[in-house]
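This is what each chain is made of:
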Amino acid sequence: MKCCENCFEDLYLVTKIRENDERGNCEYCDNENVFIIDVDQLTQYFERLFKHYDSTEPYEHFHPAIHDDPSEFGDMLITLINEDWNIFSYEIEGTGKDETLLFDILNANKICNDPLDYIDPYNLYSRMTKAFTFVHPLEDWEKTWETFKEELKHTNRFFPGTQEEVFNNFDDVLYYRTTILSEGLTLYRARMGEHPIDKMMTPPVDLAKAGRANPKGISYLYCAIDEPTCVAEIRPWKGSKITVAQIELKKELRVVNLLRGQLCPFLFDSPYKVLEIDKLLSHFSQELSTPVDPDKSEIEYLPTQYITELIKTKGFDGIMFKSAMGPKYNIVLFDENNAKVKEIETLIVNDIIYEYDND
Ligand SMILES: [Zn+2]
């Protein structure tokens, strides 16, 4: 059986199918003259995905003495996979074609093999993380991270002893979250007040205040991917005059993407690796996008400044992270010489939208 590039949303699979370089008609989504592949070519990747799930078992996922209906604890495999990942295309997701394709791929090489090997679509499945005996590979990492933050703020600033433990898997995070920004990409940067075009880059080092990414005295270029985000980041008040610059990248840059986002499950032989990297990434991304009280910011920014400098020492040009104030994301460049101001405009902020939750 042949499936095609249009069956999948996942970029890793789409790339594999295009690399296969065979065109024809898809037997699942009915697209014609598209890149196709034999389902058994994808089995090795889906076996990795399948490791994230177990069949729902008594004493492992539910207690039969208390619960007589295991279907409350287990689910169809396709339902779990569609909830957890973005693998199948919107065209076939939820149509039943996705389920047929999933099991055709999983069972492709098993026709003559042991029936015990067969993965049964009518079985109930549970996430591996829901098993009673499941232990997260970074079970106590949060505690270590809190200890690290306290040490950095109040005990050892430059040579914290807990550094090694906290950043044990950090290189993996960086590797899988490297993003290339192309030459000529336009970013946005705002400043309070009216400024000439030559005053829109970083402040001189002796005036550089501490920020989320930089300590006092070290200047980085704070930009955002769009105008509303860069305006929100400077926290203007209603009626204030601001200057917004369009900043153009002079060359291709390598940055670390610390936005929350899923790792590709097909890359890793061990599902535990996915859980580890995912946990670190979500912590760092949360840390970077949590609003900080401006009066306390100098000390509260220390952990994110530390993460940023660690990334800089590994040779990256910057980081991107979700804005704490605006709708999209920020990009901080370590060296302003990699960018130049294209044009500026002066704006009056005429409205500010506040969102709040009850405490
Ligand atoms: Zn297809």
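Because the structure is predicted, anything quoted here is derived from the model rather than measured.

Here we come to the nonpolar core. In terms of nonpolar packing, the biggest core is built from 70 residues, with Phe 8 and Phe 46 touching the most fellow members. Per-element tally for this core: the top contributor is helix 9 (residues 271–288), with six residues. Of the residues that make up this core, three or more belong to each of domain 1 (2–130) and domain 2 (141–348). Filtering out sequence-adjacent residues up to four positions away, Phe 8 remains in contact with Cys 3, Leu 13, Val 14, Ile 17, Leu 42, Phe 46, Ile 87, Phe 88, Ser 89, Leu 101 and Ile 105. Ranked by size, the runner-up nonpolar core spans 17 residues in total, among them Leu 181, Cys 223, Leu 249 and Ile 331.

Time to look at the coordination of the zinc ion. At the metal site, the zinc ion is ligated by Cys 4 (SG), Cys 7 (SG), Cys 26 (SG) and Cys 29 (SG), and these contacts range over 2.2 to 2.3 Å. Viewed at the metal, the four donor atoms of the zinc ion are separated by angles of 97 to 124 degrees, and the geometry they form is tetrahedral. One chain supplies every donor to the zinc ion, and in sequence these donors are spaced C-x2-C-x18-C-x2-C. In this pair, Cys 7 is assigned in the loop between strand 1 (2–4) and helix 1 (11–20) and Cys 26 in the loop between strand 2 (23–24) and strand 3 (34–38), connecting sequence segments 19 residues apart.

A separate point is the domain arrangement of the protein. Examined at the domain level, the protein breaks down into domain 1 (2–130) and domain 2 (141–348). Domain 1 and domain 2 are separated by 37 Å when their C-alpha centres are compared. Domain 1 puts 15 residues into the contact, and the matching count from domain 2 is twelve residues. A combined buried area of about 1,200 Å² lies between domain 1 and domain 2, and 68% of that area is made up of carbon and sulfur atoms. Its largest share of buried area at the contact with domain 2, domain 1 owes to Arg 48, Trp 85 and Met 128, together 42% of the area lost on that side. Seen at the junction of domain 1 and domain 2, the total is two salt bridges.

Counting buried positions along strand 9 (residues 241–249) gives seven out of nine residues, so the element sits mostly inside the fold. The pairing of strand 7 (residues 186–192) with strand 9 spans seven bridges and is antiparallel. When the bridges of strand 9 are listed, Leu 187 appears paired with Ile 247. Pairing analysis gives nine bridges linking strand 9 to strand 13 (residues 339–348), with the strands arranged antiparallel. Note on strand 13: the bridge partner recorded for Ile 247 is Val 341.

For helix 9, spanning 18 residues, the distance from its first C-alpha to its last is 26 Å, which sits close to the expected 26 Å at 1.5 Å a residue. Summarising burial for helix 9: 13 of the 18 residues are buried, a large majority. The distance from a side-chain oxygen at the start of helix 9 to the backbone nitrogen of Tyr 272 is 3.1 Å, and the residue carrying that oxygen is Ser 270.

Conventions used here
Residues numbered from 1 in each chain as written. Predicted model: local features only at pLDDT ≥ 70, side-chain atom pairs only at ≥ 80, totals over all residues. Heavy atoms only, no water. Core = buried A, V, L, I, M, F, W, Y, C linked by side-chain atoms within 4.5 Å. Buried < 20%, exposed > 50% of the residue type's maximum accessible area, 1.4 Å probe, protein only. Helix = DSSP H or I, 4+ residues; strand = E, 2+ residues; numbered from the N terminus. Domains from an automatic or database assignment. Contact = heavy atoms within 4.5 Å. Donors = N, O, S within 2.8 Å, 3.2 Å for Na, K, Ca; no water. Tetrahedral: all angles 85-135°; square planar, octahedral: opposite > 155°, others 65-115°. Buried area = accessible area lost by both parts, 1.4 Å probe. Salt bridge = Lys/Arg side-chain N within 4 Å of Asp/Glu carboxyl O. Pairing = 2+ DSSP bridges. Expected span 1.5 Å × (residues − 1). Polar contact = N/O pair within 3.5 Å; in protein donor to acceptor, adjacent residues only side chain to side chain.

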